[in-house]
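Each chain is listed here by its residues.
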Amino acid sequence: MSFSSFDRQDQLESLSAERFDVLIIGGGITGAGIALDAASRGLKTALIEQADFAFGTSSRSTKLIHGGLRYLKQLEFALVKEVGSERAIVHRLAPHLVVPEKMLLPLYEQRGLGYWLTSVGLKIYDWLAGVKSEDQRRMLTKYQTLAYEPLLKHDDIKGGAIYAEYRTDDARLTIEIAKRAAEAGASLVNYVQATSFVYEGEVVCGVNAVDTLQGKSLTIRAKVVVNAAGPWVDVLRKKNNSLEGKFLHLTKGVHIVVPYHRLPVRQAIYFDVPDGRMIFAIPRGRITYIGTTDTDYAGSKEDIRVSAEDVRYLIHAVNETFPSVHLTVADVESSWAGLRPLIHEEGKSASELSRKDEIFESSSGLISIAGGKLTGYRKMAERVVDKIIENTFSNLDLQPCSTDSMVLTGKGFRDIKELHEYSNKVAQRIEKLGLKGAAGSYLVHLYGRQSDTILDTAEANPQQDPELGLTLAELDFALKHERVVRADDFLVRRTGFLYFDYHRLVRVKQGVLKAMSEALHWDSRRLETEGARIDELMRAATTFKD
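As a starting point, this report considers the structure included with it.

Each value, and the rule that gives it
Residues numbered from 1 in each chain as written. Predicted model: local features only at pLDDT ≥ 70, side-chain atom pairs only at ≥ 80, totals over all residues. Heavy atoms only, no water. Helix = DSSP H or I, 4+ residues; strand = E, 2+ residues; numbered from the N terminus. Contact = heavy atoms within 4.5 Å. Polar contact = N/O pair within 3.5 Å; in protein donor to acceptor, adjacent residues only side chain to side chain. Buried < 20%, exposed > 50% of the residue type's maximum accessible area, 1.4 Å probe, protein only. Salt bridge = Lys/Arg side-chain N within 4 Å of Asp/Glu carboxyl O.

### Some points on the environment of Glu49
Reasoning step 1: Relative to the assigned elements, Glu49 resides in strand β2 (residues 45-49).
Reasoning step 2: Separated by 257 residues in the primary sequence, Glu49 and Val306 have C-alpha atoms spaced 24 Å apart.
Reasoning step 3: Excluding residues that lie within four positions of it along the chain, Glu49 makes contacts with Gly26, Gly27, Gly28, Phe55, Val189, Asn190, Tyr191 and Val192.
Reasoning step 4: Reaching out from Glu49, the side chain makes a polar contact with the backbone nitrogen of Gly27 at a distance of 2.6 Å.
Reasoning step 5: Within the structure, Glu49 has its side chain in polar contact with the backbone nitrogen of Ala51 (distance 2.8 Å).

Okay, structure coming up:
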């Protein structure tokens, strides 16, 4: 199936004209993963998302494919084993997008697990996760720890550890999985909201929906409907009259972004603070991002704001741990807040809640999945599709799950060496356009070998401003291959400019709006609306209120 912005109308018409084996509601990484698994096994699959792909939790995480070290504290060994093993698989499927990251864990005299308990815990972690010998944890003395990160507060450091994690771009990973699902035959359409369920007798057989861009209604029919709506899972369960027993407990996680020179950590670092939480500080190019908080949330799921209290909490944590940096609110150049759709457990705080996923089946046949982690998306999808086949399609000769070998973003890379060789070639082409080689690293991290297509476009359409020229080439690619229909789809989720290159966003915003207006035939009113939306997102990312 096409995944072009220009074919969206055709796909909308096919959604209402055909009957599907599986209809998935929710275009985050869980829904996209289910679509890929189902379509690749031979099921006729459709997916609708009320906003853009990865609009919710899947673009607002800590952006790590990590093994869940903290879950050892909760004795969730099976979860650590599963997500630890999955890290290596997802890295193999998209090595440009899931990048090895050595993590420094400082250990303190008066708080945390302590040196020897951490050493044993990390050994168990490596064993459960199947970590290669060269990447297994290495315990450090106090002086080794401070050599790794001189900015750390010296007074109460007892030692440290270096262990392996993986950094990613969650929204890009989601969109690549969605594209791969479309290649496998799935129909995926954004900005289509399910408004009610359709029944045959008492069995769910589809949804009534609305195209939120045009206001047109449609009905989509399917043998099985899957609710993978993340924070909105219980909203749909309520519409289905099946919200009983277990329910969601939403918690908010906030991250702030500062210029790298204001927190120039030498590698990613995972440190604990006096209240018991663990916080990451992760360098990414020209910035360092810091997070996360973990607080109960009951506000709007569509408009989650970073508060001044959230920012002060993270800045205080950084200044306590790195006393020479003296961060202030004025250093924060962007931020984001997301929701974790966890399963409620009576008497447990936000930080204590399990990250395990769970499948709910209603008496009407609606399958809902909640909980889980970014890292575990593939196994979550496999469990859901196994359940679908067991319930409805056991008589069919369907393919087994093969998503553990389905390379993302077209032709992949054999190994890190091949990836680095390709990155060097891209950097050379970037420099010929009049840009710094670092732009090549950005391009390869987000697009992999698809960078060649983007650079071909940039070279064929030279601009007086090379940065804008490259951005417009990215936009051309996103319009043709990544179903971008609103300006924030591109500027927030396909490129990450709002979070990781705010100043570039300021520079290219008007050029992008103009190009999108021409390509998608917006009238002046639509263009004004799109510009205003971007302005509001920029304000929300940089303005904090109590």
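Let us keep going from here.
### A short note on the side chain of Asp170
Reasoning step 1: Note on placement: Asp170 falls in helix α6 (residues 170-183).
Reasoning step 2: Since its relative accessible area comes to 0%, Asp170 is described here as buried.
Reasoning step 3: If we ignore the near neighbours within four places in the chain, the residues touching Asp170 are Thr57, Ser58, Ser59, Arg60, Ser61, Lys63 and Leu374.

### Quick word on the pattern of salt bridges
Reasoning step 1: Taken as a whole, this structure holds 46 salt bridges when the rule is applied.
Reasoning step 2: Between Asp488 and Arg493 there is a salt bridge, with the nearest N and O atoms lying 2.9 Å from each other.
Reasoning step 3: Overall, the relative accessible area of 2% leaves Asp488 in the buried class.
Reasoning step 4: Judged by relative accessible area, which is 5%, Arg493 ranks as buried.

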